[in-house]
Amino acid sequence: MNHEPRRAFVTGITGQDGSYLAELLTGKGYEVHGLMRRSSTFGTRRIEHLCGDDAAGRRPLRLHDGDMSDANCLVRLIREIQPHEVYNLAAQSQVRVSFDQPTYTADVTAIGALRLLEAVRDLQDSVGTPVRYYQASSSEMFGEVAETPQRESTPFHPRSPYGVAKVYAHWITVNYRESYGLHASCGILFNHESPRRGETFVTRKITRAATRIKLGLQEKVLLGNLEARRDWGFAGDFVEAMWLMLQQDDPGDFVVATDETHSVREFCEEAFGRLGLDYRDHVAIDPRYFRPAEVDLMLGDSSRARRRLGWRPRVGFRELVAMMVDADLELARREAETRHADQHR
Ligand code: NAP
Ligand code: GDD
């Protein structure tokens, strides 16, 4: 009997989704290999708890230096690791930033996916090992939506350099599936959030600010378009759908969403409301946060994922906001205590 653990290679391991996926895979007994890019500080905050040895003295998560802009390094790592499953989560993922850094976004988010697919194809060709591949596609590809709700057949009309880059990554993945018979799937994921969400995304920006305002650490928060609507789910639920896609006999493309939509204004109302505050006393509009082109309405139809993968989200909108506010309140409390201690030193 073969007791070799399944090996997964995950790019974007240090990000929000990478951390939840690493937890899910290590929990299922996978040996997880994560790609980590070099920076002047150590960026493993979200995965530190997974970095040691387990009870049996094994190291379930191993980190490898590399970058999506370096094709040679991707080929070398994939050859060395010989993964059974590859999850491509790495991206310049901030939509607003993509307007200021469109070339960089295209290089990492679009061509990065192509580099990784080439490395996977190289392994399949040279060693003959079948590899399953997951591409982190995005609802941002629907952009100026052609229909509501958005489903797998809805045409793409991206509204940002990020969205355009994701459309390229999506179609090149489909193309490698059709051209080379690769078991490659795309998850068209709608917005998903958590206490580990990056602080520049609107949900986390709101929950960080609301909790700091509650404790007197800041007075107000500057936001852009409060009328934009998003289909917000919990990242921990969404990474399960990624894994399920790679367990199917046949690859495919799947919308993953909660099938509910809320505005940024409603998110503010709910988050400040949980703290007994009125968001109207603390939120100010700053045109700097408006985008050159906006995506006004996102609402998914995830019936294919529910039917074929047996997937469904567990955390609803109100629970998600509560989870994020409660975690950030704890952070703000610690910050307030440190400030207090510093003042009395
Ligand atoms: P995230 O928190 O921004 O994480 C992005 C990850 O990519 C980080 O680990 C980052 O590393 C890494 N990365 C960026 N540039 C890289 C490069 N040049 N080489 C290697 N790694 C690089 O994003 P997320 O929310 O977890 O999302 C995961 C994926 O799903 C992304 O592709 C995103 O575009 C896509 N997606 C997200 C959502 C959502 O709502 N969260 C929805 C649809 C699709 P550092 O830690 O060093 O920055
Ligand atoms: N970031 C941000 N900051 N967004 C703001 C602000 C603000 O101060 N004020 C209003 N918004 C609005 C944006 O204009 C947008 O309409 C909405 O809030 C959500 O913005 P983000 O949280 O930055 O997310 P996003 O929808 O643009 O992109 C996220 O979801 C995509 C899936 O649809 C990212 O995670 C992408 O990587 C992902 O693909």
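Each chain carries its own residue numbering, running from 1 in the written order of its sequence. Written order decides the labels, with chains lettered from A and ligands numbered from 1. pLDDT decides what is reported in this predicted model: residues at 70 or higher carry local features, side-chain atom pairs at 80 or more are listed and counted, and totals for whole chains, interfaces and linings draw on all residues regardless. Excluded from the side-chain calculations are hydrogens and water; all other atoms, namely the structure's heavy atoms, are used.

Strand order in the open sheet formed by seven strands is β3-β2-β1-β4-β5-β6-β11, and the pairing between neighbours is parallel. Sheet topology places β3 (61-65) and β11 (253-256) at the edges, where each strand pairs with a single neighbour. Taken over all neighbouring pairs, the strand axes of this sheet differ in orientation by 20 degrees on average, direction set aside. Across five bridges, strand β1 (residues 7-11) lies against strand β2 (residues 31-36) in parallel orientation. Looking across to β2, one finds that Val10 is bridged to Gly34. Strand pairing requires that DSSP identify at least two bridges connecting the strands. Helix and strand definitions here come from DSSP, where helices need a minimum of 4 consecutive H or I residues and strands a minimum of 2 consecutive E residues; each element is numbered from the N-terminal end. Axis lines are fitted to C-alpha atoms, over the contacting stretch for helices. Their N-to-C directions set the angle, which ranges from 0 to 180 degrees.

Another point: the pairing of β2. Burial runs high along β2: six of the six residues are buried. Side-chain alternation along β2 places Glu31, His33 and Leu35 on one buried face and Val32, Gly34 and Met36 on a second face that is also buried. Between β1 and its parallel partner β2, the chain crosses via helix α1 (residues 16-27), and the hand of that crossover is right-handed. In this sheet, β3 lies alongside β2 in parallel orientation, the contact comprising five bridges. Bridge pairing in β3 places Gly34 opposite Leu63. Burial classification: accessible surface area is computed with a 1.4 Å probe over protein chains only, and a residue below 20% of its type maximum counts as buried, one above 50% as exposed, and the rest as partly exposed. When the strands point away from the viewer, a crossover counts as right-handed if the path from the first strand over the helix to the second runs clockwise.

We call a residue near a molecule or strand when any one of its heavy atoms sits within 4 Å of it. Around ligand 2 lies a shell of 23 residues, among which Ser138, Ser139, Tyr162, Arg291 and Glu294 are the nearest. Polar contacts here mean pairs of N or O atoms no more than 3.5 Å apart (in protein, one a potential hydrogen donor and the other a potential acceptor; neighbouring residues in sequence count only if both atoms are side-chain atoms). In the environment of ligand 2, a nitrogen atom lies 2.8 Å from a nitrogen or oxygen atom belonging to the backbone of Gly224. Methods summary: accessible areas were calculated by the Shrake-Rupley approach with a probe of 1.4 Å, and residue burial reflects only the protein chains presented. Relative to its unbound accessible area of 720 Å², ligand 2 is 95% covered by the protein chains. Of all the elements in the fold, those that place two or more residues in the shell around ligand 2 are α6 (202-214) and β8 (221-223). Note on residue classes: Ala, Val, Leu, Ile, Met, Phe, Trp, Tyr, Cys and Pro are nonpolar, Asp, Glu, Lys and Arg are charged, and everything else, Gly too, is polar. Grouping the constituent residues of the shell around ligand 2 by class yields nine nonpolar, eight polar and six charged.

We now examine the site of ligand 1. Near ligand 1 lie 24 residues; those nearest to it are Thr14, Asp17, Arg37, Ser93 and Tyr162. Backbone polar atom of Met68 to a nitrogen atom of ligand 1: 3.0 Å apart, as the coordinates give it. When ligand 1 sits alone it has 900 Å² of accessible area, and the protein chains cover 88% of it. For the shell around ligand 1, the secondary structure elements donating two or more residues are α1, α4 (102-127), β5 (132-138) and α5 (161-180). The dominant element in the shell around ligand 1, judged by the number of residues it contributes, is β5, at three residues. The class makeup of the residues in the shell around ligand 1 is 10 nonpolar, nine polar and five charged.

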